[in-house]
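Single-letter residue listing:
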Amino acid sequence: MRLLLAFIDWIRRRRQRRLESETAEYSADDPWVLQQIETFERELKR
């Protein structure tokens, strides 16, 4: 359940960020993307 909520929150934040800056495109090297992946992996391990 905790993982599901974290994932939903992550998606919401991504969508919000995309709405704020439509032109921004994220690549796999983007520090923000890497941080989100690490956070998500940490949640998975719980």
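The following refers to the structure shown. Numbering of residues starts from 1 in each chain and follows the order in which that chain's sequence is written. Restriction of local features to residues with pLDDT of at least 70 applies here, the model being predicted, together with a cutoff of 80 or more for giving and counting side-chain atom pairs; totals for whole chains, interfaces and linings are based on all residues. The side-chain figures draw on all heavy atoms in the structure; neither hydrogens nor water molecules are used.

## Regarding the packing of aromatic side chains
Reasoning step 1: Pairing of aromatic side chains here covers Phe, Tyr and the six-membered ring of Trp, requires ring centres within 6.5 Å, and sorts the geometry by plane angle: under 30 degrees stacked, over 60 edge-to-face, intermediate tilted. Here the structure, examined in full by the defined rule, presents 3 aromatic pairs.
Reasoning step 2: Centre to centre, the rings of Phe7 and Trp10 are 5.6 Å apart; their planes meet at 25°, and the pair counts as stacked. With Phe7 and Trp10 both in helix α1 (residues 2–20) and 3 residues apart, the pair spans about one turn of that helix.
Reasoning step 3: Exposure remark for Phe7: the relative accessible area of 30% places this residue in the partly exposed category.
Reasoning step 4: Here Trp10 and Phe40 contribute two aromatic rings whose centre-to-centre distance is 6.2 Å and whose plane-to-plane angle is 25°, an arrangement assigned as stacked. Here the residue Trp10 occupies a position in helix α1, and Phe40 occupies one in helix α2 (residues 31–45), the gap between them amounting to 30 residues.
Reasoning step 5: Trp10 sits in the buried class, given a relative accessible area of 18%.
Reasoning step 6: The structure contains a cluster of three or more aromatic residues connected by ring pairs, namely Phe7, Trp10 and Phe40. Labels follow the DSSP assignment, with helices taken as runs of H or I lasting at least four residues and strands as runs of E lasting at least two, numbered in each case from the N terminus. Between buried and exposed lies partly exposed: a residue is buried under 20% and exposed over 50% of the maximum accessible area for its type, with that area taken using a 1.4 Å probe on protein chains only.

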